[in-house]
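Close look at the chain arrangement
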Amino acid sequence: METLIMRGKAVAELLEKEMTEKIENAKKNGKEVCLAVVTVGEDEPSHVYKNRLIKIAERMGAKTKVVELPKETKQEEVEAVIEELNNDLAITGILPMMPMPKHINGDAVGAKVDRNKDVDCLNPLNAGELYMGKSRWAPCTPRACMATLKHYGIELSGKHVVVVGRSNVVGKPVALLLLQENATVTICHSRTENLQELIKTADVVVAAVGRANFVTSDMVKEGVVIVDVGINFENGKLVGDVSADVSEKASAFTPVPGGIGVVSNVMVMDLLARNL
Ligand code: NAP
């Protein structure tokens, strides 16, 4: 059995091409897109991610605005910045970078984002529509998972998908998107009692745990499809939530690095391009 490596680059390049064309065409009609990224404090990964997103947005022909607030900024001040961006007609997408410093309620900041500029689906109205199966909208990483599975022709209808992780940003929304594609979805988390047995029955495993090499070869069935969302650093090396030897049993898998993360970065521009 030949194993399919579902590389993110091929998916990201296609998406980027489509979005760039849309953005460039809209410009000819006098319409511009502008992504605003808001950071609070000095969380290093957030700043690395922000710089990467700005580069991608500009490569696609979009304008960008970065608002960097000091770590002692108060809740109401952060929310006021979001309001200002909501009311600024030149801004078409807003991304407050998470996590925010401990004294800031990130959920409350996300709830302030205008639902039409809500790049990462932080506004509860958008999340609610997703729950109702009505939304074409979802956070970036779950959409990246779905776009990757679609690109590589993975059949989901009627398949048993085990999602490991139930965060609001990955696990829960990806489970809802999978359900929309008629998969039978099991969501697992840190209190799941029979995790190993459940994973063993999965046709597709989506790992969003945040633990290096959490899913091991003995836990999966032969021919499984693996979507590895994890980003972990182990001995200075970037590794996923799924151990490398699982690829020997898998029929298809997303590598780390070079898998979902690459697609996820491009997805940040998706709402802006769709709204044109
Ligand atoms: P998170 O908020 O920390 O959620 C982790 C989830 O895993 C929780 O639901 C937790 O269960 C569950 N979990 C933890 N230990 C477990 C265990 N021993 N057994 C079963 N479940 C367990 O993380 P996240 O934000 O969803 O991110 C997950 C991973 O994806 C991280 O590595 C993150 O860096 C990565 N990520 C990647 C991208 C990308 O673009 N590729 C984007 C976002 C995140 P409880 O709910 O019970 O605590």
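Refer to the structure presented above.
Let us look at the structure shown here. Since the structure is predicted, the reported quantities are computational estimates derived from the model, not experimental observations. The residue numbering used here restarts from 1 in each chain and proceeds along that chain's sequence as written. This being a predicted model, a pLDDT of at least 70 is required before a residue's local features are given, and a value of 80 or more before pairs of side-chain atoms are given or counted; all residues contribute to the totals for chains, interfaces and linings. Side-chain metrics rest on all non-hydrogen atoms present in the structure, leaving aside hydrogens and water.

Some points on the pattern of salt bridges
Salt bridges, as used here, are contacts in which a Lys or Arg side-chain nitrogen is within 4 Å of a carboxyl oxygen on Asp or Glu. Enumeration according to the criterion identifies 11 salt bridges in this entry. With a shortest N-O distance of 2.8 Å, arginine 143 and aspartate 270 are connected by a salt bridge. Taken together, the positions of arginine 143 in helix H6 (residues 140-151) and aspartate 270 in helix H10 (residues 270-274) put the pair 127 residues apart, joining distant regions of the chain. You'll find arginine 143 and aspartate 270 in the same group, each marked buried. Here a helix means four or more residues in a row that DSSP labels H or I, a strand means two or more in a row labelled E, and each is numbered from the N terminus. Any residue under 20% of the maximum accessible area for its type is buried, any over 50% is exposed, and the rest in between are partly exposed; the area is computed with a 1.4 Å probe on protein chains only.

Some thoughts on the site of the ligand
Throughout, near means a residue has at least one heavy atom within 4 Å of the molecule or strand. Close contacts around the ligand come from 19 residues, with Thr141, Arg166, Ser167, Ser190 and Ile231 the closest. Any pair of nitrogen or oxygen atoms within 3.5 Å is treated as a polar contact; in protein, a donor-acceptor pairing is required on top of that, and neighbouring residues in sequence qualify only through side-chain atoms on both sides. Within the side chain of threonine 141, one N or O atom sits 3.4 Å away from an oxygen atom of the ligand. Here valine 209 contributes a backbone N or O atom positioned 3.5 Å from an oxygen atom of the ligand. Reported accessibility uses the Shrake-Rupley method at a 1.4 Å probe radius. Residues are deemed covered only where the shown protein chains occlude them. In isolation the ligand has 930 Å² of accessible area, and contact with the protein removes 70% of it. Put simply, Ala, Val, Leu, Ile, Met, Phe, Trp, Tyr, Cys and Pro go in the nonpolar bin, Asp, Glu, Lys and Arg in the charged bin, and everything else, Gly too, in the polar bin. Classifying every residue of the shell around the ligand gives seven nonpolar, 10 polar and two charged.

A closer look at the packing of aromatic side chains
We describe a pair of aromatic rings using the distance from one ring centre to the other and the angle between the two ring planes. The criterion for an aromatic pair is that two Phe, Tyr or Trp rings (for Trp, the six-membered ring) have centres within 6.5 Å, with stacked assigned to planes under 30 degrees apart, edge-to-face to planes over 60 apart and tilted to the rest. Considering all chains together, one arrives at zero aromatic pairs under this definition. Sitting over the face of the ring of tryptophan 137, arginine 143 holds its NZ or CZ atom 4.1 Å from the ring centroid. Only when the NZ of Lys or the CZ of Arg is both within 6 Å of the ring centre and within 35 degrees of the ring normal is a charge said to sit over the ring.

Some details on the sheet that holds strand E11 (residues 252-253)
For two strands to count as paired, DSSP must find a minimum of two bridges between them. Spatial ordering of the open sheet is given by E1-E11-E8-E7-E5-E6, a layout of six strands whose pairing is parallel. Lying at the two open borders of the sheet, with one neighbouring strand each, are strand E1 (4-5) and strand E6 (184-188). Between two residues, a contact is recorded if the distance between any of their heavy atoms is within 4.5 Å. To get an axis, fit a line to the C-alpha atoms, keeping to the stretch in contact for a helix; angles then go from 0 to 180 degrees between the N-to-C directions. Seen against the sheet, helix H7 (residues 171-180) touches strand E5 (160-164), E6 and strand E7 (204-207) and runs at an angle of roughly 170° to E5.

Re helix H9 (residues 260-267)
In an α-helix, one turn spans 3.6 residues, which is why side chains three or four residues apart end up on the same side. Among the eight residues that make up H9, six are buried, leaving the element largely enclosed by the rest of the structure. Inspection of H9 places Ile260, Val263, Ser264, Asn265, Val266 and Met267 among the buried residues, and these make up the whole buried set.

Topic: the pairing of E6
Looking at chain direction, E5 and E6 are connected through five bridges and run parallel. Paired with valine 163 across the strands is isoleucine 187, a residue of E6. Once you follow E5 into H7 and on to E6, the crossover reads as right-handed. For the handedness criterion, the strands are oriented away from the viewer, and a crossover whose path from the first strand over the helix to the second runs clockwise is classed as right-handed.

Side note on the nonpolar core
Ranked by size, the top nonpolar core spans 52 residues in total, and within it Leu178 and Met269 carry the most contacts. The dominant element in this core, judged by the number of residues it contributes, is H6, at six residues. Shared between two domains, this core holds at least three residues of each, these being domain 1 (30-115) and domain 2 (138-261). With 17 residues, the next largest nonpolar core counts Val205, Met219, Ile226 and Phe253 among its residues. Side-chain atoms within 4.5 Å link the members of a nonpolar core, which is a set of buried Ala, Val, Leu, Ile, Met, Phe, Trp, Tyr and Cys residues. All the domain ranges listed were derived from an automatic or database domain assignment.

Digging into unusual backbone geometry
In this model, methionine 98 is joined to proline 99 through a cis peptide bond whose omega is 0°. Residue valine 256 is joined to proline 257 through a cis peptide bond whose omega torsion reads 0°. Mapped onto the fold, proline 257 is located in the loop between E11 and H9. Even without being a glycine, asparagine 182 presents a positive backbone phi close to 70°. With respect to the secondary-structure elements, asparagine 182 resides in the loop between H7 and E6. Positive phi values are uncommon outside glycine, yet asparagine 235 reaches one of about 50°. Following the sequence through the fold, asparagine 235 ends up in the loop between strand E9 (232-234) and strand E10 (237-239). Since its relative accessible area comes to 81%, asparagine 235 is described here as exposed.

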